Structure formats: C-alpha cells, structure tokens
Amino acid sequence: MARTSTSEVALGLRYLPASVKLPILRQEDLFDKLEGRGVRYIRFQWVDYTNITRYRVIPLTAFRKLLSASRPGIALTKAVFGIIGASVAPGFSSTGEYLYTPDLNSTRICGYAPGHACLMGWFEEKLPIRDNAGKEVTPKLSLCPRGLLRDIVNKGKVLGVEFLVGFETEFILLKSTHPIEAASNAPWSASRALLSGSAVAKCLEDIADALQNSDIELLMYHAEAAPGQYEIVTGPLPPLEATDAVVFTRETVVNMAAKHGLRATFSPRVNADNCGTAAHAHISLHPTSQRPTNPPPENPNTNRETTMTPLERSFLQSILENLPSSAAFTLPTAASYDRVQDGIRSCGTYACWGEDNKDVAVRLTGPPGSHHIELRTIDGTANPHIALATILGLGLIGVEKGLELKIEAIGGAAVKLNAEERTKRGNVVPLPRTLSEARDIVRQDTTINNVLGQEFVQKYLSTNEAMEKFLKGDTAEEDRLRSILNY
C-alpha cells in the first residue's frame, strides 16, 4: 500500500485516501494471481452478529465454476446472523435462504494457511423482485453487516467526507485455559516478553510474516501490559477494507497461535487485576476530491480551542452526543463492561474526549493537519463491520447538521469531575455500565434506529441478548472461561 509523508506533518506518516492503493480485480486477473500463489481452496467467509467468523471451503476449480453463474453465490439459511451455539435467537427462522455473493476485491492470500485464500461477500435476498417498471432487480439486504457499512460510507461521500481507519488488534496468548495461564508475564513493551527462540516470539514473528505475505500493511507489534498480552498495529484503509483486514488479522492471530500450541483470545478482561483487551479504531476524516452531491450546512466555525478542522469537530460532537447508544454494538458482551472502568487507562465511563488522554472514550491524536480520532470504546468481541458502521453513521449526523464542537476536552479522568463540572464542560454524559442497560438505551433511542435501520437493530438486540445468556456461567470464573473460549 502506498503512503505519503510530507514536511507539513510534524511527526509520523501522513496517510491520505488518494495514497491508499486498493486492488480492483477482474475475474481473469484473480485466478492468475491465485494460481500463481499456489492457492487450491477458497475460504468464503462472513462474520455474524455475535462476531463469530464462519466460512465455507470451496476448491478453486469449483469456485471458478461458481463465478461463471449468471448470479454467483452460495445459499445460506436466513438464521445465519442469529445462530447461538446450536440454537437460533428469537426473531430468526431456519426457513428460507439468502444468497451470499462474493466480493472479489476482498480476496486475500491466507498467509497462515498455505494453499488457501479467503474473501468476503454480500448477503442478498435469494429471489429477485420486480420494480415499478416491471424490471427484475435484486433487493439489498438491510441485515447484511458489510452492506450496512458500505451504505454509510457512501452516504459520507455524498456529504463530501471520506474516511481512513486503522485498527489496533490486542490479544492475549495463553499456554492453558484449564487453568487459565498466560504465555508470558513480562510487562509492557519489555524485551522479556519476546525472548529469542521462545514459542511466543516465534508465534508473533510468524503472525507478522503471514500478514505481510497477505498484503496487510504491518506497522508494528509489541507486548502490552497484561500477562501474555500483545498488540498488532496495521496501516489505515477505507472503512470496508479496514474492517475486512481486522477480520483477517484476527484469523491470522488465532491460527498461528494454534500452530505454536497457544490459545489466542480477544476476550476483553481476562485478568481482573490487570489491563483489559480492546480493539481501538483510529479514524481520520478527509474532504472528497469531488464536489459533494449533497453538501451539508457549514460548521459555524466558532470553536477556537482546538486545532481540529470544522469537519472533524462536527463529527466528534455527534459521536460524543450519541456514544451511549453505540455501546451495545461496540461493547457487546458482559465482559466488555469489566474492561470499561475508570482510572485504568481503558476509556473511562463517560462520553468525553481529550488530547492524547487514555482515560477518555475518544482520544484526539496526531499533529494538526493529520489528526485522527481514536475510538477506545470498541473491543474484540464486536463485529467490526457493525461497530464501525455505528460510529461512522452517528458521526455523520454531526456533519450533516454542521454541528460545532461544544463538549470540551478533558485532561485526566471525567469521573474526577463533579456533576456541575461535567455539565459546564458541555454536558459530559455517562456511558452504560451493563450490557442490559446498553440495550435499553438503544431501544429508546430513535437516532441509532434511524442510522442502522429498525429491522437490523431489532434482530441484533435479540441476538445480543441470547448471546449474553449463552456466555453466562454459574460463577464469575466460568463467565471468564466462556468468554475466552468463544473469543
């Protein structure tokens, strides 16, 4: 992936949408590429509402035949998004099927599985319908997570906004789950966490090699603070490609860990007495190169307290106003709320922001002219397509309305401010403290239902509630183990 670094940026690299090169594959080019890399099998994968990655393995010869069909795809049950263990969440039915159609541009070589490549797709209604003119059309499926994100990204372009998104993938490597035992006990960024020749060091290096062999831009990896905890940082991409890359990165981590006899987990709080595990998203906003077809009203540009652009300020104001209603989608398990605590550098319990402040939900980082907004209220149990669609959709409301940023930056933790001080800072509101509370907020919030669609929200909440019950054990220790084994 190309990148741009200019003298205008005080530090680090500057990424721009025009400098990010994405593959646009024709069918014939695809097979030349795959056969040249020794690919024999295609993993046709999707991620459901509980953030379980699932796939069908298709021999390359059969996949070639599949693409020759007038409407390529595989049929999957309409219960596909709501499967919990061996059961189906309320509101879903095993009757009927969707067509899952391939998105060839999402194809990547599986560096962790020689001879395999993977790709994502779009869920569509299996049977076409006729429009008012009698023409046969294929209706979009409003329940498709990738389709939901695609549509929100397209809405941004209509408003004149493009995004780049980079993710931090945190995980913990375990030697054992019975009992739960970390593969390392070295502290944050310590050399002892990656001793040469150790199973952990070999595992991390194999992960790094596999990602780069799969054309994922790896920026760095390092030990995090909790026992056995590590982080992989990959380069920014447009939202759909960035979330696909996160899915791929997690698959790489899990598979490579297994090859080394380790268990990788993205569970948000493995250790009650140490740091949790997150999936922070870094979002940068850029004006489109072409004039927007539906330009929004201008930001009043009255906030002189920050170096953010008017576009960034409008986006951030709306994110903060609506952050409580996003929690059910970005913090979707009970364990998520064990991580989101005050004073432990997770993200705190209030919808607030600060400059290079790790005790807030939204951190502004990067130099002027190259800012990016770090969302710290996302973890590895969230479906990345759904989580990012939620955040971008809520932020675009502020762009669409031309909002000015009225919530002031906070240094330190918001919990240390009293209620009057939080109100004076622009009405800093609390985040939900439980998953049940997060779902209740969504049910009562018309904004989030308008952004994501009422049918999607209802189906998602049903699945989320069923998954919470599925993960619930008889003891706190059993809860922790179930979270580790599922994530």
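Residues numbered from 1 in each chain as written. Predicted model: local features only at pLDDT ≥ 70, side-chain atom pairs only at ≥ 80, totals over all residues. Heavy atoms only, no water.

A. View of the nonpolar core. Counting residues in each nonpolar core, the largest one holds 140 residues, and the members touching the most others are F63, F123, L173, F329, V362 and F456. Examining the composition of this core, we find that 10 residues originate from one element, helix α8 (residues 384-401), more than from any other. Discounting residues that sit within four places of it in the chain, F456 has contacts with Y49, S142, L143, L148, F329 and I386. I172, V270, C275 and I484 belong to the second-largest nonpolar core, a separate cluster that totals 6 residues. (Core = buried A, V, L, I, M, F, W, Y, C linked by side-chain atoms within 4.5 Å. Buried < 20%, exposed > 50% of the residue type's maximum accessible area, 1.4 Å probe, protein only. Helix = DSSP H or I, 4+ residues; strand = E, 2+ residues; numbered from the N terminus. Contact = heavy atoms within 4.5 Å.)

B. Here's a closer look at the pattern of salt bridges. The final tally for this structure, using the stated rule, is 23 salt bridges. Here D244 ties to R146 by a salt bridge, and the two come within 2.8 Å at their closest N and O atoms. Here the residue D244 occupies a position in helix α5 (residues 239-259), and R146 occupies one in helix α3 (residues 145-158), the gap between them amounting to 98 residues. By relative accessible area, D244 is classed as buried at 11%. Of the charged contacts, one joins E420 and K424 as a salt bridge, the two residues approaching to 3.4 Å between their closest N and O atoms. On the criterion of helical spacing, the pair formed by E420 and K424 is a turn pair, its members being 4 residues apart in helix α9 (residues 419-424). (Salt bridge = Lys/Arg side-chain N within 4 Å of Asp/Glu carboxyl O.)

C. Fine view of the environment of L285. With respect to the helices and strands, the residue L285 is situated in strand β17 (residues 281-287). Given a relative accessible area of 8%, L285 falls into the buried group. Residues L285 and P324 lie 39 residues apart in sequence; the distance between their C-alpha atoms is 22 Å. Setting aside anything within four residues of it in sequence, one finds L285 in contact with V161, E162, F163, L311, E312, F315 and I373.

D. A look at unusual backbone geometry. For the bond running from H178 to P179, omega is 0°, close enough to zero to count as cis. Within the secondary structure, P179 sits in the loop between β12 (161-177) and β13 (180-182). Positive phi outside glycine occurs at S189, with the angle close to 60°. Inspection of the secondary structure puts S189 in the loop between β13 and α4 (199-213). Residue class for S189 comes out partly exposed when judged on its relative accessible area of 39%. A positive phi angle, close to 65°, is found at D215, a residue other than glycine. Its place among the elements puts D215 in the loop between α4 and β14 (218-223).

E. Up close: the packing of helix α6 (residues 310-330) against helix α10 (residues 435-444). Closest axis-to-axis distance for the α6/α10 pair is 8 Å, and the angle between their directions is 120°. For the element pair α6 / α10, the angle class is oblique. Seen from above, α6 lies across α10 with left-handed handedness. Contacts from P324, S325, A327, A328 and F329 in α6 reach A438, R439, I441 and V442 in α10. By residue class, the composition of the contact of α6 with α10 is 7 nonpolar, 1 polar and 1 charged. (Axes fitted to C-alpha atoms, helices over the stretch in contact; angles between N-to-C directions. Parallel < 35°, antiparallel > 145°, perpendicular 65-115°, else oblique. Left-handed = near helix turned anticlockwise from the far one by under 90°. Nonpolar A, V, L, I, M, F, W, Y, C, P; charged D, E, K, R; others polar.)

F. Geometry of the side chain of E312. The residue E312 is located in helix α6 in this model. Buried charged residue E312 carries no salt bridge. Nearest counter-charge: R313, at 7.1 Å. In this view, E312 contacts L285, H371 and I373; residues no more than four positions away in its chain are not counted. (Lys, Arg positive; Asp, Glu negative; His and termini not counted.)

G. Representation of the sheet that holds strand β9 (residues 121-125) within the structure. Spatial strand order, β3-β6-β9: 3 strands in an open sheet with antiparallel pairing. The strands lining the two open edges of the sheet, one partner per strand, are β3 (74-77) and β9. Neighbour-to-neighbour, the strand axes of this sheet turn through a mean angle of 40°, independent of strand direction. Bridge analysis of β3 against strand β6 (residues 97-102) gives 4 bridges, and the strand direction is antiparallel. (Pairing = 2+ DSSP bridges.)

H. Region of interest: the packing of helix α12 (residues 454-471) against helix α13 (residues 476-486). Closest axis-to-axis distance for the α12/α13 pair is 9 Å, and the angle between their directions is 120°. Accordingly, the angle class assigned to the pair α12 and α13 is oblique. In this structure, α12 uses M467, F470 and L471 to contact α13, whose residues at the interface are D479, R482 and N486.

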